[in-house]
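Structural description and commentary
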Amino acid sequence: MAKVLNFKQELTGCFGQPVSENPTQAMIEAAYKHHRLDWRYLTIEVSPAGLADAVKGVRAMGFKGFNCTIPHKVAVIQHLDGLGESASVMGAVNCVVRRGDKLIGENTDGKGFLESFRTLMDPKGKRVVVFGAGGAARAITVELALAGAAGFTLVNRGAARGRELTALLHDKVKTQVQFVEWIGDFKIPDGTDAVINATSIGLFPDVDARLALDVSTLKQGMVVADVIPNPPQTRLVREARERGCKVIDGLGMLVNQGVIGIRHWTGIDPDPGVMRRALEEVFSS
Ligand code: NDP
């Protein structure tokens, strides 16, 4: 009997500008290949002026979904049919999912972080210090708050951005937050369970940049997490390990947000090990 041929692949992708250095394709397509899915993940340069047409294209071409990165995380919302809970609280979308004929915006950055965090600690009732108040800090703190974290000390260089995130966490997720303007080396307060770098300090090529933190206040058993995916072994990650902390690097968050995206789009649970190895290969070459 003749075999039924199918040359049509299911489409997903990433829209951003600039986007050429975004490594997500390597890990997502490694997972598709590993799980024998005839799917593609295309890295596509989309300008702010072209975003509306790009989303129309997604509808017309039947994409199963797409990630969006800088500068589209907020602007994309007006082109979608609905939002998941955390995307709605954050006011930012990094993963769009087709459900029937609707395009729904989700935010998987914070959820990816939370999956990594839970492998070391249940966030319920925990006190967390977070450096940074940008998109990554917003996604992480909203998700930890929704998972029951007891409260945050938010440390940021810019006071306006710090106060804006503090107000969002107070108002929308009813959590306790103390904002501290970042001046000099910050000392981690007693009673802190976890410390998170959600700034861009340490990102390639400024790999030796130092986070202004008194590392002698990092205690054995604390969870210390860094969002920087490249290089994953940041100065903070190394120093925290030396002091006996339990460490999460930025690859964990990146891989897990990809895992959640693939789950949303395909319904399968991909192997995170395959995805992490694909990224390690990219960053080591
Ligand atoms: P934003 O531009 O929204 O925020 C950047 C934050 O870093 C701000 O709080 C900014 O402070 C702070 N910052 C930057 N430089 C310095 C400095 N020299 N000293 C003190 N504070 C500084 O970026 P995002 O939040 O979107 O991204 C932050 C990092 O998170 C990026 O490196 C990105 O690669 C990483 N990321 C990783 C993900 C992963 O999956 N691993 C997912 C998403 C992001 P200020 O307000 O004072 O300017």
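Below is a summary of the structure that appears in this document. All of these numbers come straight from a predicted model, not from anything done at the bench. (Residues numbered from 1 in each chain as written. Predicted model: local features only at pLDDT ≥ 70, side-chain atom pairs only at ≥ 80, totals over all residues. Heavy atoms only, no water.)

1. Some remarks on unusual backbone geometry
Put simply, Q17 and P18 share a cis peptide bond, and its omega is 0 degrees. Secondary-structure assignment places P18 in the loop between β1 (10–16) and α1 (24–34). A cis amide bond, omega 10 degrees, links F204 with the succeeding residue P205. Looking at the element boundaries, P205 is found in the loop between β10 (194–197) and β11 (223–226). (Helix = DSSP H or I, 4+ residues; strand = E, 2+ residues; numbered from the N terminus.)

2. What to know about the nonpolar core
The biggest cluster of nonpolar side chains holds 36 residues, and the ones touching the most others in it are F113, F117, V130, I140, L144, F152 and I196. For this core, the leading source of residues is helix α5 (residues 135–146), giving six residues. Counting only domains with at least three residues in this core, you end up with domain 1 (10–107 + 252–284) and domain 2 (110–248). Among all residues touching V130, those that are not within four sequence positions of it are A137, T141, F152, T153, L154, V155, I196 and A198. Within the second largest apolar cluster, 18 residues are counted, among which are W39, C95, L251 and V259. (Core = buried A, V, L, I, M, F, W, Y, C linked by side-chain atoms within 4.5 Å. Buried < 20%, exposed > 50% of the residue type's maximum accessible area, 1.4 Å probe, protein only. Domains from an automatic or database assignment. Contact = heavy atoms within 4.5 Å.)

3. Some points on the sheet that holds strand β2 (residues 39–45)
As summarised here, the arrangement of the six strands in space is β2-β1-β3-β5-β6-β4, forming an open sheet in which the pairing is mixed. In this open sheet, the two strands that pair with only one neighbour each are β2 and β4 (82–83). Bridge count for β1 against strand β3 (residues 65–68) is two bridges, and the pairing is parallel. Counterpart to C14 in the pairing with β3 is N67. On the sheet, α1 packs against β1, β2 and β3 and is oriented at approximately 170 degrees with respect to β2. (Pairing = 2+ DSSP bridges. Axes fitted to C-alpha atoms, helices over the stretch in contact; angles between N-to-C directions.)

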